[in-house]
Amino acid sequence: MSLVTMVDLLVIGGGPAGLSAALTFSRLKRSCVLYDSGLYRNAGVAHSHTISGFENADPDDFRSKMRQDLKDYYSDTLEYRKGLITSLKKSDGGFKASDDQGRDVVARKVVLATGLKDHLPDIEGVTEQWGKRIIHCIFCHGTETANLPFAFLFTKSNSYMNARLVDTMLKLWRSLKHTDRYILTDGMDVETEQGRKDAGLEEQYDLIKKLGYKIVSSKITSVKENSEKTSLEIKFDNHDPISVPNMLLFPERFTPSSDAAPLLTEELLGAQLQAWGTIAPPSSGLGASGMPPRMGDDPKTNVRGLFWAGNSGSAAANYTISLAQGQAAGGMAGDQLGEDDLAKL
Ligand SMILES: Cc1cc2nc3c(=O)[nH]c(=O)nc-3n(C[C@H](O)[C@H](O)[C@H](O)COP(=O)(O)OP(=O)(O)OC[C@H]3O[C@@H](n4cnc5c(N)ncnc54)[C@H](O)[C@@H]3O)c2cc1C
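An unreviewed UniProt entry lists the chain under the name FAD/NAD(P)-binding domain-containing protein, from Kwoniella shivajii.

*Asks:* I would appreciate a short explanation of the overall build of the chain in the present structure.
*Replies:* In terms of regular secondary structure, the chain is built from nine helices and 17 strands. The globule rule puts the C-alpha radius of gyration for 345 residues at 20 Å, and the 22 Å found for the chain is close to it. Principal-axis analysis of the C-alpha atoms gives the chain an extent of 70 × 40 × 35 Å. Scored against the burial criterion, the 345 residues of the chain give a buried share of 38%.

*Asks:* Would you mind showing me how to read the UniProt feature "domain: FAD/NAD(P)-binding" (unreviewed entry) in the chain here?
*Replies:* UniProt records the feature "domain: FAD/NAD(P)-binding" (unreviewed entry) at residues 8–144, using the numbering of this structure. Between the end C-alpha atoms of residues 8–144 there is a gap of 44 Å, over a span that is 26% helix and 31% strand.

*Asks:* Please explain the sheet that holds strand S13 (residues 232–236) as it appears in this structure.
*Replies:* Each strand in a sheet pairs with its neighbour through backbone hydrogen bonds, running either in the same direction (parallel) or in the opposite one (antiparallel). Strands sit in the order S12-S13-S14 across an open sheet of three strands; the sheet is antiparallel. What marks the edges here is a single partner per strand, and that holds for strand S12 (220–225) and strand S14 (242–244). Averaged over all neighbouring strand pairs, the angle between strand axes comes to 20°, with direction disregarded. Direction of pairing for S13 relative to S14: antiparallel, over a ladder of three bridges. What sits directly across from Glu233, in S14, is Ser243.

*Asks:* I keep staring at the packing of helix H1 (residues 16–26) against helix H2 (residues 59–74) and nothing clicks. Help me out?
*Replies:* Geometrically, a packed helix pair is captured by the angle between its two axes and the distance between the axes. Between H1 and H2, the least distance of the axes is 10 Å, while the angle of their chain directions is 20°. With respect to H2, the element H1 is oriented roughly parallel. Considering only the axes of H1 and H2, their crossing is left-handed. Residues Leu19, Ala22, Leu23 and Ser26 of H1 pack against Arg63, Met66, Arg67, Asp69, Leu70 and Tyr74 of H2.

*Asks:* What exactly am I supposed to notice about the pairing of strand S5 (residues 94–99) here?
*Replies:* A regular strand carries its side chains on alternate faces of the sheet. As judged from the six bridges shared by strand S4 (residues 85–91) and S5, these two strands associate in the antiparallel manner. What sits directly across from Leu88, in S5, is Ala97. Hairpin connection, S4 to S5: the antiparallel pair is bridged by two residues, and Gly93 has positive phi, about 75°. Where S5 and strand S6 (residues 104–112) come together, four bridges link them in antiparallel fashion. When the bridges of S6 are listed, Ser98 appears paired with Asp104. Hairpin connection from S5 to S6: four residues lie between these consecutive antiparallel strands, with Gly102 at a positive phi of about 80°.

Analysis parameters
Residues numbered from 1 in each chain as written. Predicted model: local features only at pLDDT ≥ 70, side-chain atom pairs only at ≥ 80, totals over all residues. Helix = DSSP H or I, 4+ residues; strand = E, 2+ residues; numbered from the N terminus. Rg over C-alpha atoms; globule rule 2.2 N^0.38 Å. Buried ≥ 20, exposed ≤ 12 C-beta atoms within 10 Å, placed from the backbone. UniProt positions renumbered as here; feature names shortened; annotations may be inferred. Pairing = 2+ DSSP bridges. Axes fitted to C-alpha atoms, helices over the stretch in contact; angles between N-to-C directions. Parallel < 35°, antiparallel > 145°, perpendicular 65-115°, else oblique. Left-handed = near helix turned anticlockwise from the far one by under 90°. Contact = placed C-beta atoms within 7 Å.

Below, the structure is given as structure tokens:
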């Protein structure tokens, strides 16, 4: 077996963005290899929502179906490899990558579909419940929490994200008619101006009080599922425990995953990562959601031949948007290859 694979396109990442990039690109009958190390952002989530045709599906089933389609229809030009790309550099006419089994890949174009890592507040029990009883998005998992008690957790380290949380809490979550609505500020004293500022509650504090949200400012000591497995038991330093079936939090920050971080250097990308930990598209800025644009103008990077798709370039992209970005990246990689080939004629 040759230790060097030469392909038109290398796709790094086999979540929805990378699988979609590979599918679209495969329509061109050009050679492609896709690597996936399998650390999906929504690992551990049992049911996904808003994926048309797959409503309430296990995300593992969705990815399996996409992989099977690639195998059934495109295995003549596409190779799927379960594994890790450990280095990626620009080289003459394209890119050179190495994997964790000592193999090299020389590719004319690359799609980075490497996802993101969510950083959660350091509170006992939070990581264990992430994607289960602790959720971050109304469209992904909110509807199921309707007509029950609910808590919103504000975290100290990111007043910008807290302000986004207030916005979504007031505009979107109220239609779910939670019977009790708690705001947990984990030690930020919202009776003070500084506490309201840290919690991102400055502008809407009076409205929130008027709407009857119950604010608990005490520091949280633990968040655990109760023994009947029906609710979260939230304990505080200086307040009686509360019991809610579900809680919302926004991650404090995002970074590339540990598998992707070594690849996404300034040297490779021609630009630093954005504050959100995402790859900077050539035209950057905040989109309508207050996050980097969900679609992006296009999935290019600052380096010709290098594309992004999904959460690697767009923290707010869900499955469907990641699929669309993957499709755009796969299509554009093919378009550029055609352009390069024409220039050689
Ligand atoms: C708790 C939670 C629940 C969610 N629920 C929903 C939902 O219900 N509906 C919805 O639409 N969206 C949901 N999302 C969002 C969804 O997870 C993302 O939109 C989606 O995973 C983004 O896809 P992606 O392909 O960009 O990244 P990912 O799915 O994270 O895939 C990235 C892949 O790249 C691999 N990779 C990284 N570096 C390397 C490397 N060097 N070599 C090889 N492979 C590498 C990773 O291991 C991983 O397998 C949820 C997110 C979270 C956190």
